[in-house]
Amino acid sequence: MYNDLSWVDSAWSDIVNKVKVTSDELEVNFPSMTTDGQYCDTHAPWAWVVGFWPGLLWLLYEKEHYEPFKTIAINREELMDQPLEEYVNIHHDVGFMWQLTSIKQYELFGNEKSRTRALTAASHLASRFNIGGNFLTAWNKNDVSSADPRGLSIIDSMMNLPILYWAAEQLNSPRFALVAKAHADTVLKEFIRPDGSVRHMVEFNYLEGGVKAYHGGQGYSEDSAWSRGASWAIHGFALSYKYTKERKYLDAAMKTADFFLSCLPNDHVPHWDFRVPKDDTTPRDTSAAACAASGMLLIADLVDDKKAADKYLQAANNILHSLHQKYTTFNQPSEQGILTGGAFNVPKGLGVNCSLIYGDYYYVEAISKLVDKVTLADKNQVLKTECCE
Ligand code: GLY
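A few points on the structure. (Residues numbered from 1 in each chain as written. Predicted model: local features only at pLDDT ≥ 70, side-chain atom pairs only at ≥ 80, totals over all residues. Heavy atoms only, no water.)

Observations regarding unusual backbone geometry
Only a minority of non-glycine residues have a phi that is not negative, and only a minority of peptide bonds are not trans.
Move 1: Of note in the backbone geometry, lysine 245 takes a positive phi value of approximately 60° without being a glycine.
Move 2: Phi at asparagine 353 is positive, roughly 65°, even though this residue is not glycine.
Move 3: Within the secondary structure layout, asparagine 353 lies in strand 9 (residues 350-354).
Move 4: When its relative accessible area of 58% is taken as the criterion, asparagine 353 is described as exposed. (Helix = DSSP H or I, 4+ residues; strand = E, 2+ residues; numbered from the N terminus. Buried < 20%, exposed > 50% of the residue type's maximum accessible area, 1.4 Å probe, protein only.)

Some details on the environment of glutamate 335
Move 1: Locating glutamate 335 in the fold gives a position in the loop between helix 12 (306-326) and strand 8 (342-345).
Move 2: For glutamate 335, a relative accessible area of 17% translates into the label buried.
Move 3: Taking the C-alpha atoms as reference points, glutamate 335 and glutamate 107, separated by 228 residues in sequence, lie 32 Å from one another.
Move 4: In this view, glutamate 335 contacts Lys18, Gly37, Thr329, Thr340 and Ser355; residues no more than four positions away in its chain are not counted. (Contact = heavy atoms within 4.5 Å.)

A look at the side chain of threonine 101
Move 1: Within the secondary structure layout, threonine 101 lies in helix 5 (residues 94-109).
Move 2: Residue classification places threonine 101 among the buried positions, given a relative accessible area of 0%.

Brief notes about the nonpolar core
Move 1: Ranked by internal contacts, the top residues of the largest apolar core, which has 130 residues, are Leu164 and Tyr363.
Move 2: Ignoring anything within four residues of it in the chain, the contact list for tyrosine 363 reads Trp7, Ala11, Ile15, Ala290, Leu320, Leu323, His324, Thr328, Ile338 and Leu339.
Move 3: Counting residues in each nonpolar core, the second largest holds five residues, with Ala147, Leu152, Ile154 and Met201 among its members. (Core = buried A, V, L, I, M, F, W, Y, C linked by side-chain atoms within 4.5 Å.)

Focus: the packing of helix 10 (residues 247-262) against helix 11 (residues 286-302)
How two helices pack is summed up by the angle between their axes together with the distance between the axes.
Move 1: Relative to each other, helix 10 and helix 11 sit at 135°, their axes nearing to 11 Å. Judged on the interaxial angle alone, helix 11 and helix 10 are oblique. The handedness of the crossing between helix 10 and helix 11 is left-handed. Between helix 10 and helix 11, the residues in contact are Leu250, Ala253, Met254, Ala257, Phe260 and Leu261 and Ala288, Ala289, Ala292, Met296 and Ile299, respectively. (Axes fitted to C-alpha atoms, helices over the stretch in contact; angles between N-to-C directions. Parallel < 35°, antiparallel > 145°, perpendicular 65-115°, else oblique. Left-handed = near helix turned anticlockwise from the far one by under 90°.)

Thoughts on the packing of aromatic side chains
Move 1: Tallied over the full model, the rule gives 21 aromatic pairs.
Move 2: A ring pair is formed by tyrosine 61 and phenylalanine 109, whose centres lie 6.1 Å apart and whose planes are at 55°; its orientation type is tilted. Of this pair, tyrosine 61 sits in helix 2 (residues 52-64) while phenylalanine 109 sits in helix 5, and the two are 48 residues apart along the sequence.
Move 3: A residue is classified by how much of its surface remains accessible, and phenylalanine 109, at 38% relative accessible area, is partly exposed.
Move 4: Counting every residue linked through ring pairs, the aromatic cluster contains Trp48, Phe52, Phe96, Trp232, Tyr358, Tyr361 and Tyr362.
Move 5: Directly above the ring of phenylalanine 109 sits lysine 70, whose terminal nitrogen or CZ lies 4.3 Å from the centroid.
Move 6: The cationic tip of arginine 199 hangs over the ring face of tyrosine 214; the distance from NZ or CZ to the ring centre is 3.5 Å. (Phe/Tyr/Trp six-rings, centres within 6.5 Å; stacked < 30°, edge-to-face > 60°. Lys NZ or Arg CZ within 6 Å of the ring centre and 35° of its normal.)

Looking at the site of the ligand
Move 1: The environment of the ligand is made up of Trp48, Asp156, Gln218, Trp226, Arg228, Trp232 and Phe344.
Move 2: Contact between the ligand and arginine 228: an oxygen atom at 2.5 Å from a side-chain N or O atom of the residue.
Move 3: At 3.1 Å, a side-chain N or O of tryptophan 232 approaches an oxygen atom of the ligand.
Move 4: Its residues assigned to classes, the shell around the ligand comprises four nonpolar, one polar and two charged. (Near = heavy atom within 4 Å. Polar contact = N/O pair within 3.5 Å; in protein donor to acceptor, adjacent residues only side chain to side chain. Nonpolar A, V, L, I, M, F, W, Y, C, P; charged D, E, K, R; others polar.)

Written out as structure tokens, the structure reads:
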């Protein structure tokens, strides 16, 4: 199935039809994960996941111009003003929250209020930088009992850095990008192991810097390799390369991607942790698969070397095609999500074998990228035919 994208257009139509139904029947503002096929609300407008549903609707709106998607996306962005103004519950995941919503609306329609929201969020993120240890502090409090939140940073942060690069461009002030790069360099040094596997949580000495402890977080153990954490690293480093053009970030994206690919089972969909003892019942995590695949498509677009580009395109295609065949819900009207087989927090027994809104988001993002590739290939074919006629 080498780079055969013939399945992509029908996958896109299936997604659009599914989301038309889900968006019509969904009774919650901020879907997070499903129980018995129904999306539950986060009930916390400051939760890290709130941007994914409006973000997913924007991805579809961009190609389909279906007005109800736009209406819902704008409404959810407005509901997110409450946590932004309250400030106290704000954490490092403001990138996930306002990048996919406010920056998107600003890019599409030039809405100044959206631009201000995203700049405010970027400013809050920059203020979380700990100059003693050169890292972005994840949370104000945390649920890792032995960790001091003042020194805690997590790999997910790599996905939040683009809002800082964007703010630097918008304000023509490198200070935001300098914070992002300083943090990315710390992650490169302290989170990425020599074999390309990735730590979830590192606790730093919060005054003088330096590693104090490692924590397993949502992974199996502090020495293990949580697959969604790996996907945050792959995709996050690729994004840092996109904005900075610093080669070390692309190398880190490829190194973590190579580790990820070397651990995949035959069907290309990762288990929730690459180092957990496995049997036939070990949960997969389709959200890790989707986020990593979308990140690999970005690597394929950014890397100069054609052989490497083909390798990551093929790997992403394998993952996404397998998700499409085995984990999509298009023939299951009782399921509101798009992808089954997500794993939120296996150590705590939360959200296992369900749909996760970020799994759905990155799946749609990745398929949208493949649709663009198919469209481009079709256009080139037409041009080639016209030239030869
Ligand atoms: N950012 C939390 C998670 O990936 O579940």
